[in-house]
Amino acid sequence: MKNVFILTIISLVAGLCLSGVYIGTKDQIEISKKAAFNNSLKVVLPFMKDKYEDVPPVKYDMEEVPIYPVVENGVLQGAALQVIGKNGYAGNIKVLVGVDKNQTITGIQILEHKETPGLGTKSADEAWWGQFKGKSLDKFKFKVKKDGGDVDAITAATITSRSVTDAVQKGLVVYREYAGSFNKMGVSHE
Amino acid sequence: MSNGNTAWSTFADGIWKNSPTLTLLLGMCPMLATSSSVMNALGMGMAATFVLVMSNIFISALRNIIPKQMRIPCFIVVIATFVTIVDLVMAAYSPGLYKSLGIFIPLIVVNCIVLGRAEAFAYKNGIASSMLDGVGMGIGFTVGLFLMSTFREILGNGSFLNLPLFGPSFSPVLIMIMPPGAFMTLGFLIALKSYLDKRQKKGA
Amino acid sequence: MKSLVITSSPHVRSIERLTDVMYDVVIAMIPAVLVSIYFFGLQSLLITVTAVVGCMAFEALFLKIAGKTNIRATVLDGSAIVTGILIALNLPPTSPIWMTLIGSLIAIIVAKQVFGGLGYNIFNPALVARVFLLISFPVQMTRWVNPSFFKGDAITAATPLGMLKTDGLATVSKTFSHLDFFLGTIGGSLGEVSAVALLIGGLYLLMRKVISWEIPVSMLGSLFIFTGIFWMLDKARYADPIFHILTGGALLGAFFMATDMVTSPITRKGMLIFGAGIGVLTGLIRLFGGYPEGVSFAILIMNSLVPLIDKYTEVKKFGLVKVKA
Amino acid sequence: MKLLTFKRGGIHPPEHKSLAEHKTIERPELPETIAINLCQHLGKPAKAIVKAKDEIAVGQLIGEADGFISSHVHASVAGVVAKIEKRMTAIGTLDETILITVDKDKTREQLDTLNKPKIQTIDALSPTDLLGLIKSAGVVGEGGATFPTHVKLSPPPDKKIDTIIINSAECEPYLTADHQLMIEKPIEILKGIQILQKALGVETVYIGIEANKPDAIRLFIEKLQDPSFRGIQVVSLRTKYPQGGEKQLIHAILKRQVPSGKLPFDVGALVQNVGTVFAVYEAVYCSKPLIDRVTTITGFVNKPGNYLLPVGIGFEQVISNVAGGFKDPERVREVINGGPMMGKAIRQLDVSVMKGTSGILVLSETQVCYVDEGPCIRCGRCVDACPMGLMPTNIAQDAQFKSTDTLAASMDCIECGSCSYVCPTHRQLVHWIRIGKTVFRNANRSSK
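What comes next concerns the included structure. Keep in mind that what you see is a predicted model, and the values were worked out from it rather than measured. (Residues numbered from 1 in each chain as written. Chains lettered and ligands numbered in written order. Predicted model: local features only at pLDDT ≥ 70, side-chain atom pairs only at ≥ 80, totals over all residues. Heavy atoms only, no water.)

### Let's talk about the overall build of chain C
Okay, so step 1: Per the secondary structure count, chain C includes 16 helices and 2 strands.
Okay, so step 2: In terms of C-alpha radius of gyration, chain C reaches 21 Å, essentially the compact-globule figure of 20 Å for 325 residues.
Okay, so step 3: Counting only C-alpha atoms and orienting by the principal axes, one finds that chain C spans roughly 75 × 60 × 30 Å.
Okay, so step 4: If you take every contact in chain C between residues at least 6 apart in sequence, the share linking residues at least 24 apart comes to 74%. (Helix = DSSP H or I, 4+ residues; strand = E, 2+ residues; numbered from the N terminus. Rg over C-alpha atoms; globule rule 2.2 N^0.38 Å. Contact = heavy atoms within 4.5 Å.)

Written out as C-alpha cells, the structure is:
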C-alpha cells in the first residue's frame, strides 16, 4: 500500500511539473512550427507577402494535394502545393512546389525523404532544382534526359531525380486545374 | 584516500576510464544513430547529460523514500519527466535540431546509461556525488559521441559542424554517415581505447 | 651426425602448398586482366598494379604494427595478390587511383587482418572493398565507359544491367547482342565484361582442382532457373536467363569470389546450398532490388551464413550404420 | 579384374617402393648384444621370468603374459642375460627391457633346428590346440597395432565371424616387407591361413592385395589352383592410401561398414596381417615363437632392402651393419619406426626392433617436413581426404581451443594421416586430433 502511494505521489508531482512545462512551451512550439513552414513557403513563393489562403486540399488522381494559394485583391497570384513524388530510391518524397500565376515554377523544397545521404539528398540543393525555375508545362519536358526529357538528373541518383521531377510536374498539373476552378468560383474555403 | 580524491575519481571515471560508450558499451542505439553529424551528436550528448544529471540528483534525493521493490518504476517516472521536459523545450526553441534528432530524444528514457547510473550509483550514493557521477558520465557520453561524429562527419560529409573542410573536388566516403559506418567507427574507437589503455598500463 | 628431429606423423606431405593454390588463382585471372587491358587500355593496368601493390603494402604495414614476425612470408603467400587483382577486376575502368587504394585498405585491414588474417575472415575481402566503395562513392563506382582501346576516346556508357534497370529491356536488346556479352564489348567493371576470359580462367581452376564444380554450377544454375521462371512469365519485361549469366559479375563471382575457400562452406553439400543461395539472392536483387547488380551483396550475405551451413551439412561419418541385431 | 576399394576419402602419396622392392629377404649378422622390450604388444607388459646371468636358449620364454590382453615374449638369441632395466622403446615408451649378451654360434645352431617344420599337417590338432600354440608363441599383429593374435582369434561367443580377410595391401609408402614375404613364402602363408580357418571354423577367406603388386597377385592365384586350399580368394585392391586400414579393407571387400565405436567382429569379419599369418604358420608347424620378423629398411641408407630381423636388435646396429649405414650421416634428420604415414619418429638410435616394427625409414634433411603450421584456409581438402568421413579441421580446431563440441568424433579417427598429408598450409591435423582424443577422454572422465 505504501509502495503504491509513493509511486502515485511521484507520478503526480512529475505530472504537475510536466503540465507546467507543456503550458510554458506550447505556444513557442506552435510558433516554431509555423516559422519553419513559412520559411519553406517563402523559398518556393518569393512573391508571397506573409499571407496565404487556408483552403482544403485539392483532389487529384486518387490523392489529396494540400494547396496554399496566394490571392491578392481576388486575383490568384500563384500557390504552393505539397506533392508526393512516388517511387523514390527509398520510398516516397514529399515535395513543396511553388507556382506563379504564369504557371511557371518559382521554387521547390524537399520536405521529407529517405534518400541516400550525399546522393539523393542533392535534390534538396538549389544547384540542382534551380533548373526548374521559370519552367512551365508547355515549354519544358518534365522528364530526366535519360527518359527523353529536359531535366539533368543527379549523377548516380537518376531514380531520385525522376521521382522529384514527376512530383514537380504533378504540382504544375494540379495548379492548372485549381487555377481553372478558381477563375470560375473564386476562393473556396469549403 | 582523501575525500577530494574520491569526488574527482567519481567525476573522472565516466569521462574516460569507464566511458559509457567505449568501455561499458551502453547507450549504443542513440550513439550509432545520432553520430552522423557533430551538431546532432552534441545536441544528443547535452540532452542526455541534462537528463542524466537531473535524474541522478532526484533519484539520489529520493533514495530513502523510494521502496526497493518499486524502484524501477520510480526511476522511469523521474527519467521520463526530464526527458519530456527536454523534448518540449527542444521542440520549442531548437526546431531544427529537434527534427534531426527525431525519435531519439524520447528514447533517452530507455537509454541504458541513465537507468544504469540510477540503479548502480544514484540509488546508493549521496546527492553531491550522484550529481558528479551524472556530469562525468554525461561528459563521457558526449565525448564518445563527439569523437565518433567528428570522424564520421569529416570522412562521410567532408565537413565539421556543417562547415565544409575540403574543396568541391573531395568525394566524401558516404558509407561513413550511413549505419554501417557507425558500426565500423565504433569498433575502431573501442579498439583504439583498449590499445591506449593497454599501453598506459604497460608504461605504469 | 646431428641429433634427430621428432615430427608428428605423417612424415611425408603433399607437395601442394598454400602459395601454389594462390598462384593458381592468379594465373586463372590473367585472361580477364589481359582482356581488360585490351579493352580499356593502360588505365586498367594501372588500376590492377595499384590494387595489388596497395594490398601487399597495407598487409605489410598492418603486420608490422601488430608486431608479427613472419611479415615477408605472409605478404608473399599470394593471398594479398589475389585480393588485389580481384579488387581491380571489380572496379570500373575509370576508377581514380585514390579510390583503388581505399579499396585495398578496406579489403586488407578491415575485412581481412582485423578478423585475424588469412583463414579467419568471414567475408571475402575483395567484395567487402567493392561494396564499401559502391556505397561510399556511387558516382565514381558507376561511371562506365565503352571498351574502346582502338576507337580513341572512351565514351560514357551504361552496363547492360544498369540499362535494364533504368531503360527497360527493349533498349538493352536494341543496344547489345549476346555475342557482345560473351566477348565483352560492353560497359562494366574491368573483370566482368568478357565472359569468355572468365570462363577460361574458371575452367583452369576447375582443372587444377583449386575450386570444385559445386559452387559455380549451383550458383549459375539457380540464377538461370530463377531468372528463367520470370522470363517465361513475361518475356517483354524480364531478360532471358542467358543474359543474366553473361552480364554483370555473375561469372566473375561464380568462379573467383564465391569459390574463395576461406569464406565458403567446407562440405560438398554445403557448397551446393551456398551456391544456390547466391544465385537466388542475385536474381532477387537484380529483378526487384534497388541496385542493378546483386552478385556482391548476394555473396556477402551467403558468406555470413557459412558457419550455419557448415553446421547443418556435416559430412556423414564412416560407420554410422545400424548394427545388425 | 575389377579393383576393389573403399568409398570415401583416401590419398595417393608417392610410393617410393622401388628402393626396397623385390630385394630378397636377407638374414643379417648377429649383433654382440640384444635388448628385448617386455611390452611388444598392445595391453599389459609381460613379466620377466629370467634374471641377470641366466643362460638362455633361442626361443626360450623370458617374459610371461600378464592378464588376458597380453602376450609372451621369447628370446630371439642364445646367450646370457646381462641385465634387466627400463629402457626407451622404439614407440617412445619407457619399459622393462632384457639385455642379452649373444652367443653367436649357439644361436645359429639353435635357429636352424627351430626353423625346420616339426609336423606335416594340422589334421591332428583341434582349434583349441591351435589357439594354444599361437598363444604360447607370443604372436601379435605385425601390421603395427600389435594386438595379441590369440585374443583376436577368440571373439566373444555371441559374435559370429563368417569371413577372414588377409591384409596384404601394404598401402604405406616405402614399405615392401609384406610384398617380399608373399613372394618368398606363398605356401607357408596359405598354410597359415588354413590354421586360421580351422581355429575359427570359417570357410571364406579373402587375400586383399593392392594392384601395385601384380606379381604377388599372380603368384597367389597360381598357388590357389591347388584344391587343398579351399575357400580362399585373392582380391585386387586399388592402390590408394589407407587401403590397409582395417575398417577400409572390410568395406572395400565385403561392402560392410564397421559401426562407429565397434570392432570388425561386429560385422562378422576378422582381419589379419600377412606377416602375422606367417608367424602363425611358424608357431604351429615349427613350434617357433615370434622372435624375428621381416622389416623393410629404406630411405637415406646405402643398402635399402627387406631383412629378417631378430626382435631386440638395436636400430643403430641395423642401420650401420645391416643396411650399409647412412648415405651421409651429416644430412640424416629423422629415423622412423614404421612407415612414413603412421610410423613414429624415434628420439635416439639405441632402441631395438619390436614385433611391430614393419619398417625403418631414414629421412634426410631434404625429405623431412619441418612443420610451419599456417592458418586453416578452409579449403576442405582434409574433409575430402578423410577415409572415416570426419571433418579433421573442425576437430583439430576444437582440440586446439579445448572445446569438446565435436571431439566425440575424434574417437573415430584412425590416425592414418591423410588429412595432414593433403593440408596446403601444413597443419598438424593428426597431432591435434590425438590431443583432442585425450581432451575428450579427460572431459568424459571428469564429468562422470
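### What to know about the pattern of salt bridges
Residue and element names in this part refer to chain D.
Okay, so step 1: Going through the model one piece at a time under the given rule, you end up with 35 salt bridges over all chains.
Okay, so step 2: Put simply, Asp105 and Arg108 hold a salt bridge, and the shortest N to O gap is 3.4 Å. Separated by 3 residues within a single helix, Asp105 and Arg108 lie in helix 1 (residues 104-115), roughly one turn from each other.
Okay, so step 3: Its relative accessible area of 54% is what places Asp105 among the exposed residues. (Salt bridge = Lys/Arg side-chain N within 4 Å of Asp/Glu carboxyl O. Buried < 20%, exposed > 50% of the residue type's maximum accessible area, 1.4 Å probe, protein only.)

### What to know about the sheet that holds strand 7 (residues 94-102) of chain D
All names here are of chain D.
Okay, so step 1: Strand order across the open sheet formed by 4 strands is 1-7-6-3, with antiparallel pairing between neighbours. Since the sheet does not close on itself, it has two edges, and those belong to strand 1 (33-37) and strand 3 (55-56), each with one partner.
Okay, so step 2: The sheet contact formed by strand 3 and strand 6 (residues 79-88) spans 2 bridges and is antiparallel. Of the residues in strand 6, the one forming a bridge with Ile56 is Gly79. (Pairing = 2+ DSSP bridges.)

### Quick look at the sheet that holds strand 11 (residues 269-273) of chain D
Residue and element names in this part refer to chain D.
Okay, so step 1: The parallel open sheet is built from 4 strands, whose spatial order is 10-9-8-11. Every other strand in the sheet has two partners, leaving strand 10 (232-237) and strand 11 as the edge strands with one partner each. With strand direction ignored, the average angle separating the axes of adjacent strands in the sheet is 25°.
Okay, so step 2: The pairing of strand 8 (residues 163-168) with strand 9 (residues 204-210) spans 6 bridges and is parallel. (Axes fitted to C-alpha atoms, helices over the stretch in contact; angles between N-to-C directions.)

### With respect to the side chain of Ser36(C)
Okay, so step 1: If you trace the backbone, Ser36(C) turns up in helix 1 (residues 18-40).
Okay, so step 2: The class of Ser36(C) is buried, set by a relative accessible area of 1%.

### Observations concerning the side chain of Glu172(D)
All names here are of chain D.
Okay, so step 1: Residue placement: Glu172 occurs in the loop between strand 8 and helix 4 (177-184).
Okay, so step 2: There is a polar contact of 2.9 Å between the side chain of Glu172 and the backbone nitrogen of Met341.
Okay, so step 3: Those residues within four positions of Glu172 in sequence are excluded, and the remaining contacts are Lys17, Tyr241, Gly339, Pro340, Met341, Met342 and Gly343. (Polar contact = N/O pair within 3.5 Å; in protein donor to acceptor, adjacent residues only side chain to side chain.)

### Some thoughts on the packing of aromatic side chains
Okay, so step 1: Tallied over the full model, the rule gives 24 aromatic pairs over all chains.
Okay, so step 2: Residues Trp128(A) and Phe132(A) carry aromatic rings whose centres are separated by 5.5 Å and whose planes lie at 85° to one another, so their mutual orientation is edge-to-face. Phe132(A) shares its class with Trp128(A); the two are buried.
Okay, so step 3: Their ring planes at 55° and their centres at 5.3 Å tell us that Phe58(B) and Phe82(B) sit as a pair that is tilted. One end of the pair, Phe58(B), is in helix 3 (residues 38-61); the other, Phe82(B), is in helix 4 (residues 71-93), with 24 residues separating them in the sequence.
Okay, so step 4: Positioned above the aromatic ring of Trp16(B) is the side chain of Lys193(B), whose terminal nitrogen or guanidinium carbon lies 5.2 Å from the ring centre. (Phe/Tyr/Trp six-rings, centres within 6.5 Å; stacked < 30°, edge-to-face > 60°. Lys NZ or Arg CZ within 6 Å of the ring centre and 35° of its normal.)

### Observations regarding the pairing of strand 7 of chain D
Residue and element names in this part refer to chain D.
Okay, so step 1: Two strands pair when backbone bridges link them, and strand 1 and strand 7 are joined in this way by 5 bridges, in the antiparallel orientation. From the neighbouring strand, Ile34 faces strand 7, where its bridge partner is Ile100.
Okay, so step 2: Here strand 6 folds back onto strand 7 in antiparallel fashion, the turn holding 5 residues, of which Gly92 has a positive phi close to 90°.

Honestly, that's just the spatial picture; any functional story needs more than this.
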